[in-house]
Structure formats: C-alpha cells, structure tokens
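For reference, the chains in residue letters:
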Amino acid sequence: MTNNIIRNFKRMIISSSFFWKMRHYVDPEWINTYDRKPTNNYLLDFASSKKISSVLDFGCATGNFLYDLKKENPNIPCYGIEINPKGLEASINKFQELDLSKKTYSFNLSTDDKNINTFLIENRITNFDLMVFDRVLYCLNESELNNQLSILKNYAKLILIDDFQLDKNLDIQGYKHRDWISIMNTFNFKCEINIPTIHSQVDKANPRTLVFKNLALTNL
C-alpha cells in the first residue's frame, strides 16, 4: 500500500511540464543521463523506411534523435522544441559541433508559429514529414495539450506518439492516460500504427507507440 502511494506520488510530480522545465535544479545530472541515452532504433528505422526528409521533435531533451538523423543526412531540416533551457543548450551545442548551416536546424523553448514558418520557408518546405512526441505529452494538462496540437497539427504529415494510452480494462495508476486515437481523430489524423511501446514497459501503466497520418495532407 505504502509503495503504491509513493509510486503514484512520484508519477504525479513528473507528470507536469513545470517539473521538466525546472528539472535541472532538482536533478543537475539529468542532462548527462539523457545525453548518454542511445536513440531508439525504432525511430531511426522508421525515419529511414518512410524516407523522412524533415523532422520536428517536441520535447527533444538533449537532441539525440535529431542529432543522429543529422549525422546521417546533413541536409535534413531538424526542428527541436525543449522546455528545459539546459536541455535546449545541450542540443544547440551538439549541433554546432557538426558545423552545419544554422538554417537547417533550429531549437526553441516553446512552440511558436512565426519561428516554425520562418524555418519552413528557409528550408523551402511547407511542413514536416514527421513530428515526434516521444513520451512527453503526458506531462501536459488538457489546455496545454490542446494548445500544442492545435498549432502543430498544421505542420505534420505523420505524427509519432509514444505515450500512455487509456484502457479501461487495465489497472492503471499514476500517469495521465488518454485515448490518443480519439484525440487525434478530432485533429483529422488517422491511426496507422498502434503497437506496444518501443521503450521499456511500465508497471501499472499502458505505454504504447502510435503513428498517425494527417488526412489533410498528401500521403508520404
């Protein structure tokens, strides 16, 4: 009983955008920890198999996924959004080491229509082939989630979400679980892939990886 209470309390704390914004004060080593994490092979394989030529990573942490894409294809436009300033700084430093044109990458603390449009125009594209939300949306409350998706939906052909999927038949505790298929349907996205999480399983939770296609944009 006590362990369940402690676990659920911890999950409640980290299920907050404020926590991630301030995490470097609570856990100064989190940047180094994330920087050492290898990019999940599924993400790289998916980008390769779908011939992804532009990516936006929401909650990019230290930019590992975008960095690995950029190493393989220096010309791929990469746009990262990271609420934590230390994570953002780590991403920028990593990309500067590649000595690339700054026009082909951009990192930002928040979602901004003007910045996104400027980046797309500079790279002569109208949207991103792929937008990634890798275990990040559970940290947003309903208002934050709606605001982010209302803006970003206009710029994505495909959206990959790894997050906690609502399932009333499961004993779920602690994390925000949502019906992502219904939510994305309201934004005119159709679920194309729905599989167990590409990451480690989580006790008393239901993480899944889902890919959605924007029905308003041309198929890849």
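Quick notes on the rules
- Counting from 1, residues in each chain are numbered in the order their sequence is written.
- Confidence filtering applies because this is a predicted model: local features only for residues at pLDDT of at least 70, side-chain atom pairs given and counted only at 80 or more, and all residues used for totals across whole chains, interfaces and linings.
- The basis for the side-chain values is all heavy atoms of the structure; hydrogens and waters are excluded.
- Side-chain rings of Phe, Tyr and Trp (the six-membered ring for Trp) are treated as a pair once their centres are within 6.5 Å; stacked means planes under 30 degrees apart, edge-to-face means over 60, and tilted covers the remaining angles.
- Starting at the N terminus, helices and strands are each numbered in turn, a helix being any DSSP run of H or I of at least four residues and a strand any DSSP run of E of at least two.
- Buried residues are those whose accessible area, probed at 1.4 Å on protein chains only, stays under 20% of the maximum for their type, while exposed residues exceed 50% and partly exposed ones sit between those limits.
- Only Lys NZ and Arg CZ are tested; either one counts as a charge over a ring when it is within 6 Å of the ring centre and within 35 degrees of the ring normal.
- Picture the helix axis, draw a direction to every C-beta atom, and the arc is the one those directions span.
- Contacts between residues were defined by any pair of non-hydrogen atoms, one from each residue, lying within 4.5 Å.
- Pairs of N or O atoms within 3.5 Å make up the polar contacts considered here, provided that, within protein, one atom can donate a hydrogen while the other can accept it, and that residues adjacent in sequence are counted only when both atoms are side-chain atoms.
- DSSP bridges decide pairing: two strands pair if at least two such bridges lie between them.

Chemist: How do you make sense of the packing of aromatic side chains when you look at a structure like this?
Modeler: Here the distance between the centres and the angle between the planes together describe a pair of aromatic rings. Within the structure shown, the criterion is met by 16 aromatic pairs. Seen in terms of ring centroids, tryptophan 20 and tyrosine 34 are 6.4 Å apart; in terms of plane orientation they differ by 75 degrees. Their pairing is edge-to-face. Here tryptophan 20 is found in helix α2 (residues 17-21), whereas its partner tyrosine 34 is found in helix α4 (residues 30-36), with 14 residues between them in sequence. For the pair phenylalanine 119 and phenylalanine 128, a centre-to-centre distance of 6.1 Å together with 15 degrees between the ring planes defines the contact as stacked. You can call phenylalanine 119 buried: its relative accessible area is 3%. By the ring-pair criterion, three or more aromatic residues cluster together here, those being Phe19, Trp20, Trp30 and Tyr34. Seen from the ring of tyrosine 34, lysine 37 lies directly overhead, with NZ or CZ sitting 4.2 Å from the centre. Taking the ring centre of tyrosine 67 as reference, the NZ or CZ of lysine 94 above it sits at 5.6 Å.

Chemist: Looking at this structure, I do not really get helix α5 (residues 41-49). What am I missing?
Modeler: In an α-helix, one full turn covers 3.6 residues, which means residues spaced three or four apart are oriented alike. Of the positions making up α5, those classed as buried are Leu43, Phe46 and Ala47. Taken down its axis, α5 places every buried residue within 95 degrees of arc, on the same side. Exposed residues pointing more than 90 degrees away from the buried face of α5 are listed as Asn41, Asp45, Ser48 and Ser49. Among the structural elements, α6 (64-72), β4 (128-134), β5 (156-164), β6 (189-196) and β7 (207-214) are those in contact with the buried residues of α5. Where α5 begins, one side-chain oxygen reaches toward the backbone nitrogen of tyrosine 42, 2.8 Å away; that side chain belongs to asparagine 40. Following α5 by one or two positions, lysine 51 has its phi on the positive side, about 55 degrees.

Chemist: How should the environment of serine 150 be read in this particular structure?
Modeler: Relative to the helices and strands, serine 150 resides in helix α9 (residues 142-152). The exposure class assigned to serine 150 is partly exposed, which follows from its relative accessible area of 28%. Between the C-alpha atom of serine 150 and that of phenylalanine 187, which follows or precedes it by 37 residues, the distance is 7.7 Å. Within the structure, the side chain of serine 150 is placed 2.6 Å from the backbone oxygen of asparagine 146, a separation counted as a polar contact.

Chemist: Looking at this model, I keep getting lost on the pairing of β7. Mind explaining?
Modeler: Moving residue by residue along a regular strand, the side chains alternate between the two faces of the sheet. With respect to burial, β7 is a largely interior element, seven of its eight residues being buried. Where β5 meets β7, seven bridges bridge the pair, whose relative direction is antiparallel. Residue pairing for β7: leucine 158 is matched across the bridge by lysine 213. Pairing between β6 and β7: seven bridges, direction antiparallel. Bridge pairing links cysteine 191 to phenylalanine 212 in β7.

Chemist: Looking at this structure, I do not really get unusual backbone geometry. What am I missing?
Modeler: Phi at arginine 135 takes a positive value of approximately 50 degrees, unusual for a residue other than glycine. Structurally, arginine 135 is set in the loop between β4 and α9. The class for arginine 135 is partly exposed, based on a relative accessible area of 22%. Non-glycine residue asparagine 188 carries a positive phi angle of around 70 degrees. Residue placement: asparagine 188 occurs in the loop between α10 (180-186) and β6. Note on asparagine 188: relative accessible area 37%, which makes it partly exposed.

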